[in-house]
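Breakdown of the fold
Chain by chain, the residues run as shown.
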Amino acid sequence: MSYQESRAITYLFSTLIGAAIYSFYVVRRASDAGFDPSTIDSFWGIMTLIVIAVTVVISVILTVIVTVAQAVAERDDAPSLADERDRLFELKANQISFSVFGAGFVLAMIALAVGQAPLIMFHLIVYSLFGATAAGTIAQLTFYRRGY
Amino acid sequence: MKPHRIGNHIRTLRFLCDEMTQKELAKKVGVTRQTILAIEKGKYSPSLELAFQIAQVFEVPLTDVFFYEVE
């Protein structure tokens with residue numbers, strides 16, 4: 001497995017951890033505390049920022065561990081540059097990410113338009129962010145595996 | 001449009017160039033070893049610029065390195 005593939009898997013894994021933290025800790029804690037779904041207060045903003053920060057830290061730690069482990073196992077240095085193939089795959093992956101996030105955002109607006117609680121809209125936006133990141137990373141991984 | 005494929009003779013040319021490694025070729029043209037590997041396997045079609053650079057390393061015309069075939 002190449003460095004690019006293992007890096008993509010690392011990003012995917014940390015995104016899933018972030019989504020899991022959001023689902024099982026933040027959302028559950030809020031519903032246990034009996035938050036009013038018709039209002040969005042500072043709690044949601046703070047918790048979402050914390051989840052994003054934790055996800056970034058997990059991603060950095062996992063990337064370092066995977067890079068070192070692969071360097072030891074394969075006795076080959078990690079590529080120090082991103083070449084035209086990396087940039088092309090990143091661009092294509094970003095396109096897919098934007099599409100997924102755009103679809104999630106529209107869905108969130110539809111939910112708001114049909115009278116759903118603002119908290120539902122907020123969750124849809126946050127989940128589409130995680131979904132967009134995951135979709136982009138899976139696309140990148142597929143491009144590296146199958147070629148393009 | 002019929003399906004097409006861009007093939008190459010990079011593996012042969014590397015062999016003829018004193019068994020040049022993928023890493024050495026990658027360094028000479030400024031890409032990663034994985035990209036050279038992907039090109040050799042036909043999993044990635046390089047840009048025209050990179051294709052010319054590879055041909056220049058082997059000191060052969062572009063058509064001696066890459067070929068285009070309709071399947």
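Residues numbered from 1 in each chain as written. Chains lettered and ligands numbered in written order. Predicted model: local features only at pLDDT ≥ 70, side-chain atom pairs only at ≥ 80, totals over all residues. Heavy atoms only, no water.

Focus: the nonpolar core
Residues B:Ile10 and B:Ile54 are the most contacted members of the largest nonpolar core, which totals 18 residues. Listed by contribution, the elements that provide at least two residues to this core are α1 (10–16), α2 (22–29), α3 (33–40) and α4 (48–58) of chain B. Broken down by element, this core gets its largest block of residues, 5 residues, from α4(B). Counting residues in each nonpolar core, the second largest holds 12 residues, with A:Ala19, A:Trp44, A:Leu119 and A:Phe130 among its members. (Core = buried A, V, L, I, M, F, W, Y, C linked by side-chain atoms within 4.5 Å. Buried < 20%, exposed > 50% of the residue type's maximum accessible area, 1.4 Å probe, protein only. Helix = DSSP H or I, 4+ residues; strand = E, 2+ residues; numbered from the N terminus.)

Comments concerning the interface of chain B and chain A
On the chain A side, the residues contacting the 14 residues of chain B number 15 residues. Of the roughly 1,100 Å² buried where chain B meets chain A, counting both sides, 45% is carbon and sulfur surface. The three residues of chain B that bury the most area against chain A are B:Gln34, B:Lys43 and B:Tyr44, which together make up 49% of that side's buried surface. Remark: the boundary between chain B and chain A carries 0 salt bridges. The tally of links between chain B and chain A comes to 6 residue pairs in polar contact (both at pLDDT 80 or more). Among the elements that line the side of chain B that touches chain A, the one with the most residues is α3(B), at 4 residues. Of the residues that constitute the side of chain B that touches chain A, the class distribution is 5 nonpolar, 6 polar and 3 charged. (Contact = heavy atoms within 4.5 Å. Buried area = accessible area lost by both parts, 1.4 Å probe. Salt bridge = Lys/Arg side-chain N within 4 Å of Asp/Glu carboxyl O. Polar contact = N/O pair within 3.5 Å; in protein donor to acceptor, adjacent residues only side chain to side chain. Nonpolar A, V, L, I, M, F, W, Y, C, P; charged D, E, K, R; others polar.)

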